Amino acid sequence: MACLLEAPLRISVLSEVTATSRHYVDRLFDPDPQKVLQGVIDMKNAVIGNNKQKANLIVLGAVPRLLYLLQQSSSSLELRTECAVVLGSLAMGTENNIKSLVDCHIIPALFQGLLCPDLIFIEACLRCLRTVFISPVTPVQLLYTVPTVIPHLMSLLSRSHRTQEYITQIFSHCCKTPEHQTVLFNHGAIQNISPLLVSPSYKVRMQALKCFSVLAYENTQVSMTLVNVLVEGEPLSQVFVRMMQRDQPIEMQLTAAKCLTYMCRAGAIPTDDSCVVLKTLPCLVRMCSKEHLLEERVEGAETLAYLMEPDVELQRIASTTDHLVAMLADYFKYPSSVSAITDIKRVRQWARLDHDLKHAHELRQAAFKLYASLGSNDEDIRKKITETENMMDRIVSGLSESSIKVRLAAVRCLHSLSRSVQQLRTSFHDHAVWKPLMKLLQNAPDEVLVMASSTLCNLLLEFSPSKEPILESGVIELLCSLTQSESPALRVNGIWALMNMAFQADQKVKVEIVQCLGTEQLFRLLSDADTNVLMKTLGLLRNLLSTRPHIDQIMSSHGKQIMQAVTLILEAEHSVEVKEQTLCILANIADGNTAKDLIMTNDDMLQKIKYYLGHSNVKLLLAATLCISNLIWNEEDGSQDRQDKLREMGFVDILHKLSQSPDPNLSERAKTAMQQYLA
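Residues numbered from 1 in each chain as written. Predicted model: local features only at pLDDT ≥ 70, side-chain atom pairs only at ≥ 80, totals over all residues. Heavy atoms only, no water.

Participant: So what's going on with the overall build of the protein? Residues and values would help.
Facilitator: Scanning the protein from N- to C-terminus turns up 43 helices and two strands. By the compact-globule yardstick of 26 Å for 679 residues, the protein is too spread out, its C-alpha radius of gyration being 34 Å. Along the three orthogonal principal directions, the C-alpha set of the protein runs to about 115 × 60 × 55 Å. Every one of the 679 residues in the protein was classed for burial, and the buried ones make up 56%. (Helix = DSSP H or I, 4+ residues; strand = E, 2+ residues; numbered from the N terminus. Rg over C-alpha atoms; globule rule 2.2 N^0.38 Å. Buried < 20%, exposed > 50% of the residue type's maximum accessible area, 1.4 Å probe, protein only.)

Below, the structure written as structure tokens:
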């Protein structure tokens, strides 16, 4: 593969190539080894801090020659080492430099160099590898291509502080997937790296700590192993706790807190453990304060949000620690663009402004994430959040930000707050949050759509004042389109929102849902492989088939297909919950004035109900009994004929038996049904 820059850049660079640059490359081909060595040393001195010179030398073909000299056994050790140093310096240039080096197969050449016993040469190769691998343009998979590389790197950890620093840094940057975690774990990463946490070298301790944070992230196997590791007789978790002390560098405090956070989330450390409640959580809250750098505040907030996401007690503790809720409001005070600054003269340092602008999106994203996590369960915390200065306006504004990550975090925050009945009735209504939410649903990536549609489900609950204006905005068509998505989460949310919309809705809305969704799509959803989709579709059908006039109208136009769908579900292998919901739909149909004839004239369906009246599960027995009770209710026309037919089929004997059930609800329901025969 050609070791050159991309064409447009190559033309511009070539025009600036000097005779000096050519001279450096020419000297690499001198027949005198000493002159070659001196040429490499002079090249090393020439490229330090000079990106233009680096680009010139790469274009002129220096890299293949340097790699050739590095790999030749006839080259002196000093020459090979100097070649590795120069290559490392070239790698410290632009991303295009890195691409050129990778294209020239620098990585396998350096891996080969690690087999040499000389420590200084090994360190030079590792330093260059480190620089190449930490670049975002280098495919991390190149570390895992040759199976012998990882074990050899593990064996080199004991050689020196430098090998320890470079190798752990390579590992922490190249561990991106569960598969990578498994490879490193299986090759003894924990046993080999844990002693480095007490190294006299700060750089080594820091890189080892970073390694553990990426290894433990969402990995139960690693986290459970880490809990049992001892470092010089001390549990690893206590080593991490010491690293979180205030007298340690902030970078170390944060990374140690991340390690304990990931171990806690993986289930290796209980959420009520003192190292979580008294050490990790306070440390992360501390990182959110004004005294820290913006990037530290971002990392602290995001890690804290992740730590307490599933645990209400941690959320309550965090909400009362160091005025966290109010502290986060400061995250929104950084401008997102130069135009947002009204008095530019007050900005003293443009460099500082540029820094603030860069981190403004990240700060808002982190704050929204943390607010979402804080308010996901507790009503008092949600109230405290919404009462924070301009909070609802900030969320509404966040929904239309240019940054997709900020929009996602803002809608997550909105979703968390939308779980509150009180907030749906007050703050959400006062700020008309449904409008920007609907706009967001028109055109957004799937991850935003999932969260936005989830929030919409809550806004469509019967007690939400937003329900009516959302209905009037023409949302039904949008929700029906979501049910056709390839994403199961979007299908669930689409059908869930329709289910909420149909609850106690008037006939006009129900008819519009059925017409827009179409019976074909409705029955496609009833055979969906995702159980959540099926359950919500059954819930929608149950809500559509409520109140007698609605039941009769829908069954008169779609009765055949609905009965067919009910039959298929009752016959198939489904969970008790699915069968119960289906029998409840049947009970609703049995409650219709004319719709019940679709059951009474279908002997196969009656036999199915009879079968479920003999089932061992009480939930199914209750639902099936309700079906019969509705069919034989004696205040309705034709009740005598229906009672006679069901008596002939043996239903009375079954009801009598069920009336003696030890379950009080079932016994009562069976007795109520039997009374229809006695009245």
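Participant: Could you give an account of the pattern of salt bridges, naming the residues involved and the relevant values?
Facilitator: Close approach of charged atoms lets side chains of opposite charge pair. Taken as a whole and judged by the stated rule, the model has 22 salt bridges. Two residues, Arg316 and Glu313, come together in a salt bridge whose shortest N-O distance is 3.7 Å. In this pair, Arg316 and Glu313 both sit in helix 20 (residues 312–319), three residues apart, roughly one turn of the helix. A residue is classified by how much of its surface remains accessible, and Arg316, at 38% relative accessible area, is partly exposed. Here Glu571 makes a salt bridge to Lys608, at a shortest N to O gap of 2.8 Å. Pair noted here: Glu571 is in helix 36 (residues 548–571) and Lys608 is in helix 39 (residues 603–612), with a separation of 37 residues, a long-range link. Counted as one network, the salt bridges with shared partners bring together Lys290, Arg297 and Asp330. (Salt bridge = Lys/Arg side-chain N within 4 Å of Asp/Glu carboxyl O.)

Participant: Talk me through the confidence of the model for the protein; I want residue IDs and the actual numbers.
Facilitator: With 94% of its residues at a pLDDT of at least 70, the protein reaches an overall mean of 92. Contacts of residues 4–15 to residues separated by more than four positions or lying in other chains number 18 contacts, the stretch itself having pLDDT below 50. Low pLDDT, under 50, characterises residues 339–348; the stretch is placed with seven contacts to residues that sit more than four places away or in other chains. (pLDDT = per-residue confidence, 0-100. Contact = heavy atoms within 4.5 Å.)

Participant: Report on the environment of Asn602, specifying residues and quantitative values.
Facilitator: One can find Asn602 in the loop between helix 38 (597–600) and helix 39. Looking at Asn602, the relative accessible area reads 23%, which means it is partly exposed. Note: C-alpha distance between Asn602 and Met563 (39 residues apart in sequence) is 9.4 Å.

Participant: With reference to specific residues and values, describe the side chain of Arg407.
Facilitator: Turning to its location among the elements, Arg407 is positioned in helix 25 (residues 404–417). A distance of 2.7 Å separates a polar side-chain atom of Arg407 from the backbone oxygen of Glu401. Residues contacting Arg407, with those up to four places away along its chain left out, are Gly398, Leu399, Ser400, Glu401, Ser402 and Leu440. (Polar contact = N/O pair within 3.5 Å; in protein donor to acceptor, adjacent residues only side chain to side chain.)

Participant: Let's hear about the packing of helix 25 against helix 29 (residues 446–459): which residues, and what values?
Facilitator: A pair of packed helices can be characterised by two numbers: the angle between their axes and the separation between those axes. Viewed as axis vectors pointing N to C, helix 25 and helix 29 meet at an angle of 25°, and their least axial separation amounts to 9 Å. Judged by the inter-axis angle, helix 25 sits roughly parallel to helix 29. Crossing handedness for the pair helix 25 and helix 29: left-handed. Contacts between helix 25 and helix 29 pair Ile404, Leu408, Val411, Arg412, Leu414 and His415 from the former with Glu447, Val448, Met451, Ala452, Ser454, Thr455 and Asn458 from the latter. Of the residues in the contact of helix 25 with helix 29, the class split is seven nonpolar, four polar and two charged. (Axes fitted to C-alpha atoms, helices over the stretch in contact; angles between N-to-C directions. Parallel < 35°, antiparallel > 145°, perpendicular 65-115°, else oblique. Left-handed = near helix turned anticlockwise from the far one by under 90°. Nonpolar A, V, L, I, M, F, W, Y, C, P; charged D, E, K, R; others polar.)

Participant: So what's going on with the packing of aromatic side chains? Which residues, and what values?
Facilitator: Under the defined criterion, the tally for this structure stands at seven aromatic pairs. For the pair Tyr611 and Tyr612, a centre-to-centre distance of 4.9 Å together with 80° between the ring planes defines the contact as edge-to-face. The buried category is assigned to Tyr612, whose relative accessible area is 4%. Three or more aromatic residues link up through ring pairs in this structure, and these residues are Tyr217, Tyr262 and Tyr306. For the cation-ring pair, Lys536 lies above Trp496, with the distance from its terminal atom to the ring centre recorded as 4.3 Å. (Phe/Tyr/Trp six-rings, centres within 6.5 Å; stacked < 30°, edge-to-face > 60°. Lys NZ or Arg CZ within 6 Å of the ring centre and 35° of its normal.)

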